[in-house]
Amino acid sequence: MITDDNAALAVQGLTKRYRPEGAPAVVDLSFTLPRGATWGLLGGNGAGKTTTIAMLLGLLVPSGGRILALGHDMAVDRFAALARMNFSSPYVALPHRLSVAENLMVYAHLYGVPKPRQRIEELAEQLQLTDLLKRPAGELSAGQKTRVALAKSLVNRPDLLLLDEPTASLDPDTGDWVRSWLERYRAESGCAILLASHNMAEVERLCAEVLVLRAGRVVDRGSPSALLERYGRDDLEEVFLDIA
Ligand code: ATP
């Protein structure tokens, strides 16, 4: 049995209202992500994925509920959790005048990574960035920026990684490269991953369990194959992801 303390994430009743009179963005979200597991948060535009991730990272204060990340209560002890977590999103711009190496060095120092140069070289090799280390981040293609963002998110060897739409705005081949890379990383690293996505094929490939979010609520959950069996791919995409 998974207890709160040995889970990567234990979330209970998580709720966010941006405005007191408005509809809530996230309502009563509860789940327990086991250590080492990869789960998906699947939902269309406005489903509440980014709001959830921002609360899990301590960037947004929840209106209600509780988050235990790697055994630490985020309301009490979030820096202890954040030291062992990390995050990647293509929507967060990299400082564009800094080189790739400088970008990674900023994060390595932020996390107090031992032997930061060695860690950066290791990550650059894994993510095919070695030849790009001296290039300013602003000159990179979308795919190259995504690889730098992933390297940045692994600099502290996290036990919990939050990914917000990691393949958004990538061409199909580059998206596929990132998904294959994540598949290997997931298998080899033992890191727990929560992947927010609107892409059923992506969660199907990477996630053991999926929470389907619509208008801030979990409307269903299960393995990708169970969800596909329940709804069929077309209905699932049309009903929950607004892809008609
Ligand atoms: P997308 O893929 O479009 O980013 P999402 O699933 O990440 O969708 P959120 O961005 O979390 O969804 O948005 C959930 C709801 O909260 C939406 O109705 C959105 O309009 C609202 N919302 C998001 N950010 C804010 C904000 N800063 N102020 C007010 N409302 C917000």
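The name recorded for the protein chain in an unreviewed UniProt entry is ABC-2 type transport system ATP-binding protein, from Falsiroseomonas stagni DSM 19981. If you open the UniProt record of the protein chain and go to Sequence similarities (unreviewed entry), you find "Belongs to the ABC transporter superfamily."

S.K.: How would you explain the packing of aromatic side chains if you had to name every residue and give the values?
M.R.: As enumerated under the stated definition, the model contains two aromatic pairs in all. A ring pair is formed by F31 and W39, whose centres lie 6.5 Å apart and whose planes are at 40°; its orientation type is tilted. Residue class for W39 comes out buried when judged on its relative accessible area of 10%. Each ring, one from W181 and one from Y185, has its centre 5.4 Å from the other, and the planes form 10°; the classification is stacked. Taken together, the residues span about one helical turn, with W181 and Y185 both in helix 6 (residues 172-189) at a distance of four residues. In this structure W181 comes out as buried when scored by relative accessible area, which is 5%. The ring of Y18 carries K16 above its face, with NZ or CZ at 5.7 Å from the centroid. Sitting over the ring of Y107, K152 keeps its end group 4.9 Å from the ring centre.

S.K.: Please set out the UniProt feature "domain: ABC transporter" (unreviewed entry) in the protein chain residue by residue, giving values where relevant.
M.R.: As recorded in UniProt, the sites labelled "domain: ABC transporter" (unreviewed entry) are residues 9-240. With 38% helix and 25% strand, residues 9-240 has end C-alpha atoms that lie 24 Å from one another.

S.K.: Which residues make up the pairing of strand 4 (residues 64-69), and what values go with them?
M.R.: In this sheet, strand 4 lies alongside strand 1 (residues 7-16) in antiparallel orientation, the contact comprising five bridges. Of the residues in strand 4, the one forming a bridge with A10 is L68. Examined bridge by bridge, strand 4 and strand 5 (residues 72-73) share two bridges and lie antiparallel to one another. Considered in strand 5, the bridge of L68 is made with D73. In sequence, strand 4 turns back onto strand 5 through a hairpin of two residues, with L70 there showing a positive phi of about 50°.

S.K.: Explain the layout of surface pockets to me, using residue names and the numbers behind them.
M.R.: If you add up the space inside the largest pocket, you get close to 350 Å³. Together, 15 residues line the largest pocket, and L57, L59, L82, N86 and Y111 are the ones closest to its centre. Secondary structure elements with two or more residues in the lining of the largest pocket: helix 2 (78-82), strand 6 (85-88) and helix 3 (100-110). Considered class by class, the residues forming the lining of the largest pocket number eleven nonpolar, two polar and two charged.

S.K.: How would you sum up empty space enclosed by the protein? Please name residues and give values.
M.R.: In this approach, a probe sized like a water molecule rolls over the atoms, and the result shows the empty space that is left. On inspection of all chains with the given rule, the structure shows one cavity of 30 Å³ or more. As a volume, the largest cavity reaches approximately 60 Å³. Lining the largest cavity, in full, are F87, S88, S89, V92, A93, L94, Y107, A149 and K152. Looking at side-chain class alone, the lining of the largest cavity contains six nonpolar, two polar and one charged residues.

S.K.: Any chance you could break down the sheet that holds strand 6 for me, citing the residues and the numbers?
M.R.: Taken in spatial order, the six strands line up as 6-7-8-3-9-10 in an open sheet, and their pairing is mixed. Edge positions in the open sheet fall to strand 6 and strand 10 (217-222), since each of these has one partner strand only. Each strand of the sheet is rotated relative to its neighbour by a mean of 15°, with strand direction disregarded. Pairing of strand 3 (residues 38-42) with strand 8 (residues 192-197), which is carried by five bridges, proceeds in the parallel orientation. Looking at the pairing, G40 lines up with L195 of strand 8.

S.K.: Requested: an account of the environment of L228, with residues and values cited.
M.R.: Note that L228 resides in helix 8 (residues 224-231). Given a relative accessible area of 16%, L228 falls into the buried group. Each C-alpha atom of the pair L228 and L154 lies 32 Å from the other, and the pair is 74 residues apart in sequence.

What counts, and where the lines are drawn
- Residues numbered from 1 in each chain as written.
- Predicted model: local features only at pLDDT ≥ 70, side-chain atom pairs only at ≥ 80, totals over all residues.
- Heavy atoms only, no water.
- UniProt positions renumbered as here; feature names shortened; annotations may be inferred.
- Phe/Tyr/Trp six-rings, centres within 6.5 Å; stacked < 30°, edge-to-face > 60°.
- Buried < 20%, exposed > 50% of the residue type's maximum accessible area, 1.4 Å probe, protein only.
- Helix = DSSP H or I, 4+ residues; strand = E, 2+ residues; numbered from the N terminus.
- Lys NZ or Arg CZ within 6 Å of the ring centre and 35° of its normal.
- Pairing = 2+ DSSP bridges.
- 1 Å grid on protein atoms, 1.4 Å probe; cavity = no way out; pocket = protein on both sides within 12 Å on 5 of 7 lines; lining within 4 Å.
- Points joined across faces, edges and corners; volume = space filled by probe spheres on them.
- Nonpolar A, V, L, I, M, F, W, Y, C, P; charged D, E, K, R; others polar.
- Axes fitted to C-alpha atoms, helices over the stretch in contact; angles between N-to-C directions.

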